[in-house]
Amino acid sequence: MITFYPGPSKVYPQIGQYLSDAYQSGLLSVNHRSEPFMQMLKETIDTMKSKLDIPAGYEIYFCSSATECWEIIAQSLVLSKSLHVYNGAFGEKWLEYTQKLRPAAKGLSFDPNALPRIADIIADQENEVICLTHNETSNGTALPVAFFAELRKQTGQVIAVDATSSMAGVALPWEDADIWYASVQKCFGLPAGLSVMVASPRAIKLAEKIADRDYYNSFLFIRDNFIKYQTPYTPNALGIYLAGRVMRQVEPISEVSEKIKHRASAWYSFLTDHGFDILIEKPEVRSDTVIAVTGTKERVTFLKKAVKENDIMVGNGYGAWKETTFRIANFPAITQQEIDLLKKCLISIPSPGNE
Ligand SMILES: *Cc1c(COP(=O)(O)O)cnc(C)c1O
């Protein structure tokens with residue numbers, strides 16, 4: 001079965017060997033305060049920083065999931081309120097999770113075929129954190145790099161970005177935001193159970209001002225440990241080990257990003273040329289890593305079934321678009337050969353009327 005599911009998604013084929021290496025290395029049985037573990041954690045962080053081109057002053061911490069990052073940000077970086085700018089299900093969920101801890105958190109929804117207005121985002125300077133979703137996995141939209149540059153220019157507020165389905169797939173404008181996070185079962189091509197949080201000096205300063213240390217996963221508690229290459233609790237050592245091996249294996253992000261963008265534009269042309277409707281009409285806000293195709297409920301059901309008969313799986317729709325879209329992951333672990341097979345399969349499916 002070839003999977004184009006946008007998370008959990010296809011893992012790199014080398015994972016099989018790495019799993020065996022992890023076992024052989026003995027790392028899975030060592031104490032997480034021991035030298036070999038700390039050395040492995042340091043190597044993983046250093047390699048990730050270098051391969052993803054993360055600025056020197058930014059720090060990396062490993063947590064369990066993107067969902068956990070939502071809570072860490074709410075409890076440790078927001079004293080009273082944050083602003084959540086969203087156009088789809090994941091951005092909205094982040095708002096909902098935050099409101100449980102910080103009832104004053106506000107949402108600002110925008111049209112998936114447009115960009116949010118910067119004037120609206122920065123209207124209330126009392127928002128301690130502006131929360132954005134770089135790549136909205138539910139509808140196949142992404143915020144362009146220029147948007148982050150412009151927002152950064154116009155406000156000194158801390159900016160947090162959910163990059164769960166784009167980090168390690170496309171180059172990110174790190175300097176134009178303060179917290180970036182992702183879980184690894186999407187563009188990293190790794191098994192689930194680990195997330196990556198990247199923090200700027202400005203984010204660290206805000207956390208220090210708020211000084212929350214009340215939870216096992218309070219931001220500062222995590223940070224105190226990670227800067228010594230330790231962890232606040234017994235960590236997912238296997239996940240961290242695998243992340244280190246995959247980061248060593250992959251090309252630098254500039255090259256990966258170029259390939260992913262090239263493949264995305266080929267996908268969009270292919271789909272348009274063959275009579276498929278892209279959910280998002282405006283090319284400027286289309287995602288490079290998750291492609292959402294729309295159709296009637298009947299047509300989408302028919303297409304998914306026809307593809308499955310060829311041993312290929314595409315992603316179901318999500319949230320409001322559950323039944324009228326299917327999604328195609330364009331993550332780095334997926335090969336061109338697999339893409340060609342899916343394209344061939346899509347062309348061979350009878351068009352409506354000839355079904
Ligand atoms: C998948 C996804 C999440 C949730 O990730 P978990 O690892 O399940 O917590 C959050 N945000 C976005 C944009 C996602 O694509």
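Quantities reported herein were computed from a predicted structural model and do not represent experimental measurements.

*Asks:* It is not clear to me how the overall build of the chain should be interpreted in this structure. Could you clarify?
*Replies:* Regarding its fold elements, the chain presents 12 helices and 14 strands. For a compact globule of 355 residues, the expected C-alpha radius of gyration is about 20 Å, and the chain comes in at 20 Å, within 12% of that figure. Projecting the C-alpha coordinates of the chain onto the three principal axes gives extents of approximately 65 × 55 × 35 Å. Residues classed as buried in the chain amount to 57% of the 355 residues present. Long-range pairs, those at least 24 residues apart, make up 72% of the contacts in the chain with a sequence separation of at least 6. For the chain, the exposed area adds up to about 15,100 Å²; of that, 52% sits on carbon and sulfur atoms. Where the 36 positive side-chain charges of the chain centre and where its 40 negative ones centre are 2 Å apart.

*Asks:* Mind showing me how you'd approach the packing of aromatic side chains here?
*Replies:* Pairs of aromatic rings are described using the distance from one ring centre to the other and the angle between the two planes. A full pass over the atoms with the stated rule returns 11 aromatic pairs. Between Y61 and F219, the ring centres sit 5.5 Å apart and the planes meet at 85 degrees, which makes this aromatic pair edge-to-face. Residue Y61 is found in strand 2 (residues 59–63), and its partner F219 is found in helix 8 (residues 219–226); the two are separated by 158 residues along the sequence. Grouping aromatic residues by their ring pairs yields a cluster made of Y61, F62, F219 and F226. Over the ring of Y268 we find R286; its NZ or CZ atom is 4.9 Å from the centre of that ring. Taking the ring centre of W267 as reference, the NZ or CZ of K343 above it sits at 5.0 Å.

*Asks:* How should I be thinking about the packing of helix 2 (residues 35–51) against helix 9 (residues 237–249) in this particular structure?
*Replies:* The relative placement of two packed helices is expressed as an angle between their axes plus a distance between the axes. With their axes 9 Å apart at the nearest point, helix 2 and helix 9 run at an angle of 40 degrees to one another. The orientation of helix 2 with respect to helix 9, classified from their angle, is oblique. Crossing of helix 2 against helix 9: the hand is left-handed. Judged by residue contacts, F37, M40, L41, E43, T44, T47, M48 and K51 of helix 2 engage A237, I240, Y241, A243, G244, M247, R248 and Q249 from helix 9.

*Asks:* I tried to follow the site of the ligand on my own but got confused; where do I start?
*Replies:* Taken together, S65, A66, T67, W70, F90, N135, T137, D162, T164, S183, Q185 and K186 make up the full set of residues adjacent to the ligand. One of the backbone N or O atoms of A66 is found 3.2 Å from an oxygen atom in the ligand. With respect to the ligand, the side chain of T67 contributes an N or O atom lying 2.6 Å from an oxygen atom. Relative to its free-state accessible area of 390 Å², the ligand is covered by the protein chains to the extent of 86%. At three residues, the largest contribution of residues to the shell around the ligand is made by helix 3 (residues 66–77). Residues belonging to the shell around the ligand are distributed by class as follows: three nonpolar, seven polar and two charged.

*Asks:* Teacher, can you tell me more about the packing of helix 7 (residues 201–210) against helix 8 here?
*Replies:* At a minimum axis distance of 10 Å, the contact between helix 7 and helix 8 shows a crossing angle of 120 degrees. Classified by the interaxial angle, the pair formed by helix 7 and helix 8 is oblique. Where helix 7 crosses over helix 8, the handedness of that crossing is left-handed. Together, I204, A207 and E208 of helix 7 and F219, L220 and R223 of helix 8 make up the contact between the two elements. Class assignment for the residues of the contact of helix 7 with helix 8 results in four nonpolar, no polar and two charged.

*Asks:* In this structure, what is going on with the sheet that holds strand 4 (residues 106–109)? I would like to understand it.
*Replies:* Through backbone hydrogen bonds, the strands of a sheet pair up, either in parallel or in antiparallel fashion. Strand order in the open sheet formed by seven strands is 2-10-9-8-5-3-4, and the pairing between neighbours is mixed. Each edge of the open sheet is held by one strand with a lone partner, namely strand 2 and strand 4. Taken pair by pair, the neighbouring strands of this sheet meet at an average axis angle of 20 degrees, ignoring direction. Judged from the four bridges that link them, strand 3 (residues 82–86) and strand 4 form a sheet pairing that is parallel. Its bridge partner being in strand 4, V85 is matched across the sheet by L108.

*Asks:* So what exactly am I meant to see when it comes to the side chain of S138 here?
*Replies:* Its place among the elements puts S138 in the loop between strand 6 (135–136) and strand 7 (141–142). Note on S138: relative accessible area 0%, which makes it buried. A distance of 3.1 Å separates a polar atom in the side chain of S138 from the backbone nitrogen of A89. Of the polar contacts made by the side chain of S138, one reaches the side chain of E136; its length is 2.7 Å. Once residues within four sequence positions are removed from consideration, S138 is found in contact with G88, A89, F90, Y318, W321 and R327.

Criteria and cut-off values
Residues numbered from 1 in each chain as written. Predicted model: local features only at pLDDT ≥ 70, side-chain atom pairs only at ≥ 80, totals over all residues. Heavy atoms only, no water. Helix = DSSP H or I, 4+ residues; strand = E, 2+ residues; numbered from the N terminus. Rg over C-alpha atoms; globule rule 2.2 N^0.38 Å. Buried < 20%, exposed > 50% of the residue type's maximum accessible area, 1.4 Å probe, protein only. Contact = heavy atoms within 4.5 Å. Areas by Shrake-Rupley, 256 points an atom, 1.4 Å probe, with all protein chains shown as cover. Lys, Arg positive; Asp, Glu negative; His and termini not counted. Charge placed at Lys NZ, Arg CZ, Asp CG, Glu CD. Phe/Tyr/Trp six-rings, centres within 6.5 Å; stacked < 30°, edge-to-face > 60°. Lys NZ or Arg CZ within 6 Å of the ring centre and 35° of its normal. Axes fitted to C-alpha atoms, helices over the stretch in contact; angles between N-to-C directions. Parallel < 35°, antiparallel > 145°, perpendicular 65-115°, else oblique. Left-handed = near helix turned anticlockwise from the far one by under 90°. Near = heavy atom within 4 Å. Polar contact = N/O pair within 3.5 Å; in protein donor to acceptor, adjacent residues only side chain to side chain. Nonpolar A, V, L, I, M, F, W, Y, C, P; charged D, E, K, R; others polar. Pairing = 2+ DSSP bridges.

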